[in-house]
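# Residue-level structural notes
Listed below are the residues making up each chain.
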Amino acid sequence: MTPRFAVVGHPNKGKSSIVATLAQNDDIAISSRSGTTTQCQQVDVKIGSASYSLIDTPGFQRPTLALAWLQKHASSADKRVNAVKKFLLSEDCQRQFPDEIELLTPIMDGAAIIYVVDGSRPYSAEYEAEMEILRWTGQASLALINPIENERYIEQWQQALGQYFKVVKVFNAMQAEIEKQLSVLQSFSTIREDWKVAIDNLVAAYKTRSCQRIEDTAELLAALLTQACAYQLNQKVLTKEQANTLRSSLEIAYFARLKSMEKAHHESLKSLFSYHHLISEVENLPDIDNLFDTKKWIVWGLNRKQLITAAAMAGAATGAVIDLGLAGSSLFLGALGGGVIGATSAWLGADKLADFKLQGLPVGGYVAQQGPMQNKNFPYVLLGRFLHLEELLQQRTHARRDTLLISEGELQGKISKLSDDQQKSLHKALDRASHQKPVGDFAAILKPLLHAERARQSNLQTQ
Amino acid sequence: MTHPTSHMEARITLALSFLGLLLGIFVSVGVLAGDDQGRVNLLFLLLLFAFLPVLSLLLSLVLLLMKQNGSAALLVSLPFWPKEFLQAQMNIELGNQRRSWLFFESQVLSLAFAAGSIIVFIALLLGTDVNFVWRSTLLSATDLLPILQLISIPWGFWIDAQPSLDLLQQSQNSRITGGASTYSENWWQFVLAAQLTYNLIPRAVLLGLARWHYKNKTRLSSQFERGDTTVNKRRLADPETLATIVYTRPDSYQLLDWSNAPEHCRRFITQSFGKPVDLSSLSANSDVHSLRHSAELISQVVLVRSWEPPMGELKDVMQLLDSKTLNFILPLDWDGISIKAANNTHLQEWQRFAASLSNSLVEWKVLQPGEHS
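Quick caveat: nothing in here was measured; it's all calculated off a predicted structure.

## Observations regarding the overall build of chain A
- Counting secondary structure elements, chain A contains 18 helices and nine strands.
- The buried share of chain A, taken over its 463 residues, is 55%.
- Long-range pairs, those at least 24 residues apart, make up 73% of the contacts in chain A with a sequence separation of at least 6.
- Of the roughly 20,200 Å² of accessible surface on chain A, a fraction of 51% belongs to carbon and sulfur atoms.

## What to know about the side chain of D27 of chain A
- Secondary-structure assignment places D27 of chain A in the loop between α1 (15–23) and β2 (41–47).
- Residue D27 of chain A is classed as buried on the basis of its relative accessible area, which comes to 5%.

## Things to note about the confidence of the model for chain A
- A residue-level look at chain A finds 85% of positions with pLDDT of 70 or above and a mean pLDDT of 84.
- With pLDDT under 50 throughout, residues 284–289 of chain A is counted as low confidence; its partners more than four residues away or in other chains account for 12 contacts.

## Details of the pattern of salt bridges
- The final tally for this structure, using the stated rule, is 20 salt bridges over all chains.
- Between R305 of chain B and E126 of chain A there is a salt bridge; the shortest N-O distance is 3.7 Å. Of this pair, R305 of chain B sits in strand β6 (residues 299–305) while E126 of chain A sits in the loop between β4 (112–118) and α6 (128–137), on two different chains.
- E126 of chain A gets classed as partly exposed once you look at its relative accessible area, which sits at 30%.
- For R352 of chain B, the salt bridge goes to E349 of chain B, with nearest N and O atoms at 3.7 Å.

## Digging into the confidence of the model for chain B
- With 75% of its residues at a pLDDT of 70 or more, chain B shows a mean pLDDT of 77.
- This model gives residues 220–238 of chain B a pLDDT under 50, and the stretch forms 28 contacts once residues within four places in sequence are excluded.

## Considerations on the side chain of E308 of chain B
- Its location among the elements puts E308 of chain B in the loop between β6 and α11 (312–321).
- Within polar-contact distance, the side chain of E308 of chain B engages the side chain of Y127 of chain A at 2.6 Å.
- Ignoring sequence-local partners within four residues, the contact set of E308 of chain B consists of H10, K13 and Y127 of chain A together with W350 of chain B.

## Notes on the packing of aromatic side chains
Residue and element names in this part refer to chain A.
- Scanning the model with the defined rule gives 17 aromatic pairs over all chains in all.
- Residues W69 and F87 carry aromatic rings whose centres are separated by 5.5 Å and whose planes lie at 65° to one another, so their mutual orientation is edge-to-face. Pair noted here: W69 is in helix α2 (residues 63–73) and F87 is in helix α3 (residues 80–89), with a separation of 18 residues, a long-range link. Like F87, W69 is buried.
- Taking the centre distance of 4.9 Å and the plane angle of 90° together, the rings of Y127 and W157 count as edge-to-face. With Y127 in the loop between β4 and α6 and W157 in helix α7 (residues 154–161), this pair connects stretches of sequence that are 30 residues apart.

## A closer look at the sheet that holds β4 of chain A
Residue and element names in this part refer to chain A.
- Taken together, the six strands give an open sheet; going across it, the order is β2-β3-β1-β4-β5-β6, and neighbouring strands pair in mixed fashion. Among the strands making up the open sheet, the edge pair consists of β2 and β6 (167–170). Within the sheet, the average angular offset between the axes of one strand and its neighbour, ignoring direction, is 25°.
- Pairing between strand β1 (residues 4–9) and β4: five bridges, direction parallel. Each bridged residue has a counterpart across the sheet, and for F5 the counterpart in β4 is A112.
- Helix α5 (residues 98–108) rests against β1, β3 (50–56) and β4 of the sheet, and its axis sits at about 150° to β1.
- Along the sheet face, helix α9 (residues 196–230) touches β1, β2 and β3 and points at about 100° away from the line of β3.

Cut-offs and rules
- Residues numbered from 1 in each chain as written.
- Chains lettered and ligands numbered in written order.
- Predicted model: local features only at pLDDT ≥ 70, side-chain atom pairs only at ≥ 80, totals over all residues.
- Heavy atoms only, no water.
- Helix = DSSP H or I, 4+ residues; strand = E, 2+ residues; numbered from the N terminus.
- Buried < 20%, exposed > 50% of the residue type's maximum accessible area, 1.4 Å probe, protein only.
- Contact = heavy atoms within 4.5 Å.
- Areas by Shrake-Rupley, 256 points an atom, 1.4 Å probe, with all protein chains shown as cover.
- pLDDT = per-residue confidence, 0-100.
- Salt bridge = Lys/Arg side-chain N within 4 Å of Asp/Glu carboxyl O.
- Polar contact = N/O pair within 3.5 Å; in protein donor to acceptor, adjacent residues only side chain to side chain.
- Phe/Tyr/Trp six-rings, centres within 6.5 Å; stacked < 30°, edge-to-face > 60°.
- Pairing = 2+ DSSP bridges.
- Axes fitted to C-alpha atoms, helices over the stretch in contact; angles between N-to-C directions.

The structure is reproduced here in structure tokens:
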């Protein structure tokens, strides 16, 4: 049996936002105008083999008179459900109370009730008619207090709602993290026993999807770093003069392609988090207007000192492999030498970008080559920007419609949270990528840096 | 239009097929060439055509389960490749399908190797007389027979390709005793069946599965990027006209309180707009006609909570007011002790509502306290 939930309440109290957040779908229309939803909209959520439906409903418009009608048609509690059924079938009511008919229909069809109120505004008695009507339906229900602007009246609401609903939860549609979202669904497994198995399956499916998303994000990041670091643009030309004329346009095309490569991966990341309409402004930051201005790279990547340390660690890790091969007879000169070489090359190459090369062809003519990127900080910059976007997406809900503003990231802070071995592996992997060498299981090395993975590990530790 | 990535993928697949085929041919020629008398050691053949393929198949499956990339990944990470080739394969925009693609390419390589081996074997059977023998210092024909019978279980229906003690004894060769085989060419069916069963067919099946998995992942990924969704998008309401906001106090007015406002709110209204001629509560159950003031020319001011959106039952009541003069909706925002300026979004909501109530006979405006209030 597929669980169905009707999200109901006063107009403009965040019902559509709750649906968008719970369904993790930014296709749901959300408007600051009241009365936008005039008909029920069912959103079918499918995660793996588990599924459930959320029904966005129009707000109550005439609850006082609708309740008066119901009271007139039910003399005792046992007749209330039938009175609601009569209400739905009455032609007069269909004319007089179109919104109430629309929102009560899925409920009387078996959907559980999620009643939404705004916790930033005071409770008032006019809500009682709505809650009373919902109680008359006899369906499983819970109330969500959505603090739209602030949390000032939450307690007042809790006291009032507690008299009508068994479960009352505070749920901020703009901030609710996945655990909070799952707890709403889980509450119904105690209210509706027949849905317990289905809801348990749903929760398990959500958790599996979260783990898969972490894997996919790491793979995507690895693909971006590998491709961007290895990217080279070639153009066949007849003469050296022709090559020199082409040079600047080749350079422009090369950098444009790198930017679009990064943007495409950012878009894929948004899709991975089910954001299909989210606009982000990473490129338009006033101080990061140019991805290829090396002076500004320290904001996203590493500063010169951090970069040299990272290069030394990567060089030392490579040199240590030689030491291991020689069973220590090299007196650890491999690690020492590798570290020094790495640090020096990072120092010298901190401001270097991509090389332009011209190579003769055996059959005549030349091939002009732009790239690959030489700068050691380049993979760190890509990494920093990607991780920052991932963190913001992780902390966002699908109810938000504002532009995603990406400000400064703290890459070094994220790297320093890794263990020494993880840091060494990361620096070595990025060093290999920047030398266009394949990195074995790159995604696994990058995974501990992801915000979602850190949150998952922290949850596991708490449990 | 074909994506450039598809071209590069096709070229890499072709290169790996060619490499696998060559490897298969060279290794098989090496083993099947035999010794100076053309004798081929059956046990070496079994090692090459049955044990190694099974081992490699198991390794492939283990790597897949461990989420490793397979032999193609190991191959492309070898240092002897030209830099251009490495860059080309890394430039392929595989995104998170890279692992599936590498696993698929690993199967291409293995299948090509199996095909190369079988081609050589059949070519040698056609072009020369292959003399199969086996040698062992420790094993006798009776020891070996159960192993070969176990291997040949899958092609039990093919009688001619089954091993027998007689055949084993006849083909045993010993350099110590100088024993020679007489029926040794009869092994070819057994060897061919082993190649097909343990090498070619499983690899072909795995290749089919790997291809399906890779294509499926690519399709899912492109759907993801396109943002396919089954949810219907709702059209937002068309722009509506907004009623005017006025700050001028009406000369004389009747205050109809829909909001059940607290006392400090009513005091504020009196301070801002003067004392109302009449003050009445308004609700969905009100008898609107009894509320109509005797002096028909005075304005009616309906007090509402600015943060609560206008509802149908308020609209029903206001339409019944039926006044012939200018009327006002007064949205106010307050908390326990003070009055606050109404939020712009809320005000616009009330402006739209007031405009929807106005007609040629009645005009509704939104009233707000001015700066002097």
